[in-house]
Amino acid sequence: MVRVGLLGCGTVGSGVVKLLRQNGHIIAQKTGTEILIQRVLERDIKKCLALGLGEEVITQNIEDIINDESIDIVVELMGGIEPAFSFIIQAMNKGKHVVTANKDLIAIRGKEIFSAAQECGVDFYFEASVAGGIPVIYPLKQSLAGNQIQEVIGILNGTTNYILTKMSKEGKKFDEVLREAQELGYAEADPTADVCGLDAARKIAILSSIAFNSRVTLDDVYVEGITSISPRDIQYGQELGYVIKLLAIAKEEEGKIQVRVHPAFVPFNHPLAFVNDVFNAVFIIGDAVGEIMHYGKGAGQMPTASAVVGDIMEIGRNMLHHTSGRIGCTCFSEKE
Ligand code: NAP
Ligand code: HSE
């Protein structure tokens, strides 16, 4: 049995509880062992009770999870920098593996977390932190590892892609569509990070660190959001054969990395032009594989829970085979 301590039972945390319950049988078969939510740290107890979690499972004291020796994996889904960072480090120091969807944290303090994971000999997995349900971190670290990656271009924010799609195709107003995205659970608690491009910038910082094997942090990324896009910009683009997308672009040229996020005109016939609503896509060029595109839902409860549960299962398998800490930090270069 693999026992999980869940930190945060909001949109994504609730999705993880639901998915482990809904597909528990097949998840246990594929992992080789059952996965149990042992404790849940959550401010709002009602959210947990609504999911049918017993009162004995819920706590508001992190020590109940950190000091519970039966807990193998801490799944951090609270968001933000603190106390998430401290909780993750404390959990690792107690020998617990960690899964998170927290791109804010990784894009700023990733290096410290990876170092702690290595020192403690534990796994740190974060597939859900970039592009929600789309597998992209694992493929970059594993399946594409033999390539020199030349370019990564992503539509990495579901909220802004949803807004731009609804403005383009249905002529809806920015504020109205943002409200819809919030109601659907796509937007961050403070949606400024979505619409100003910061959320996509965090994600491309994470992806480029992996793609180019050199640490890229949020401060290295040029960022521009979608708040100044008007219906007239969209209409002019359409007349000329383009659609406006918020692109996150990372390139390596002559040993230097360039990373930026901004709205861009994408020709109607480019694969990224077909990525609409909450869907995200990551277009990668590698020297051996050529061009490939990963596509799927980049935000929302169950797509994101899908990525989190996949990480939990992978750690469960590692534990069964005593191979924890196998894939750690891949930033072995220091590029400009
Ligand atoms: P959310 O709905 O706001 O859930 C977070 C939950 O954690 C809330 O219930 C919150 O309680 C609780 N919480 C926060 N700090 C806490 C603390 N110190 N002690 C106890 N409980 C605490 O957020 P979310 O959308 O699930 O996102 C969670 C993480 O996943 C974030 O890092 C986000 O960036 C990431 N993510 C989200 C999505 C998505 O589609 N939503 C997709 C990919 C990644 P209160 O509500 O009382 O504050
Ligand atoms: N707010 C984010 C988005 C959630 O809209 O893409 C997924 O990381």
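A short tour of the structure in this document, coming up. (Residues numbered from 1 in each chain as written. Chains lettered and ligands numbered in written order. Predicted model: local features only at pLDDT ≥ 70, side-chain atom pairs only at ≥ 80, totals over all residues. Heavy atoms only, no water.)

Before going further, it helps to spend a moment on the pairing of strand 10 (residues 256–267). In terms of strand pairing, strand 8 (residues 222–223) meets strand 10 through 2 bridges, oriented parallel. Paired with Tyr222 across the two strands is Arg260, which belongs to strand 10. Where strand 9 (residues 242–253) lies against strand 10, 12 bridges are found, and the strand directions are antiparallel. Its bridge partner lying in strand 10, Lys245 is registered against Ala264. Count of turn residues in the strand 9/strand 10 antiparallel hairpin: 2 residues, of which Glu254 carries a positive phi of about 50°. (Pairing = 2+ DSSP bridges. Helix = DSSP H or I, 4+ residues; strand = E, 2+ residues; numbered from the N terminus.)

So, about the sheet that holds strand 4 (residues 73–76). As summarised here, the arrangement of the 6 strands in space is 3-2-1-4-5-6, forming an open sheet in which the pairing is parallel. This sheet does not close on itself; its edge strands, each paired only once, are strand 3 (58–59) and strand 6 (124–125). By the bridge criterion, 4 bridges tie strand 4 to strand 5 (residues 97–100) in an arrangement that is parallel. For Val75, the partnering residue across the bridge sits in strand 5 and is Val99.

In this structure the tally under the stated criterion is 12 salt bridges. The shortest N-O distance in the salt bridge between Lys172 and Glu170 comes to 3.6 Å. Classification of Lys172 as partly exposed rests on a relative accessible area of 23%. Asp199 is the partner of Lys203 in a salt bridge, and the nearest nitrogen-oxygen pair spans 2.6 Å. Linking Lys203 with Asp199, this pair stays in helix 11 (residues 198–212), spanning 4 residues, or about one helical turn. Exposure remark for Lys203: the relative accessible area of 4% places this residue in the buried category. Linked through salt bridges whose partners overlap, the residues forming this network are Lys166, Glu170, Lys172, Glu180 and Asp277. (Salt bridge = Lys/Arg side-chain N within 4 Å of Asp/Glu carboxyl O. Buried < 20%, exposed > 50% of the residue type's maximum accessible area, 1.4 Å probe, protein only.)

What follows is about the site of ligand 1. Of all residues adjacent to ligand 1, which total 21 residues, the nearest are Val12, Glu42, Arg43, Lys47 and Gly300. Within the backbone of Thr11, an N or O atom sits 2.9 Å from an oxygen atom of ligand 1. Within the side chain of Arg43, a nitrogen or oxygen atom sits 2.7 Å from an oxygen atom of ligand 1. For ligand 1, whose unbound accessible area comes to 890 Å², protein coverage reaches 82%. Placement of ligand 1 is best described as lying within the largest pocket. Class assignment for the residues of the shell around ligand 1 results in 8 nonpolar, 8 polar and 5 charged. (Near = heavy atom within 4 Å. Polar contact = N/O pair within 3.5 Å; in protein donor to acceptor, adjacent residues only side chain to side chain. Areas by Shrake-Rupley, 256 points an atom, 1.4 Å probe, with all protein chains shown as cover. 1 Å grid on protein atoms, 1.4 Å probe; cavity = no way out; pocket = protein on both sides within 12 Å on 5 of 7 lines; lining within 4 Å. Sits in = over half its atoms within 2 Å of the grid points. Nonpolar A, V, L, I, M, F, W, Y, C, P; charged D, E, K, R; others polar.)

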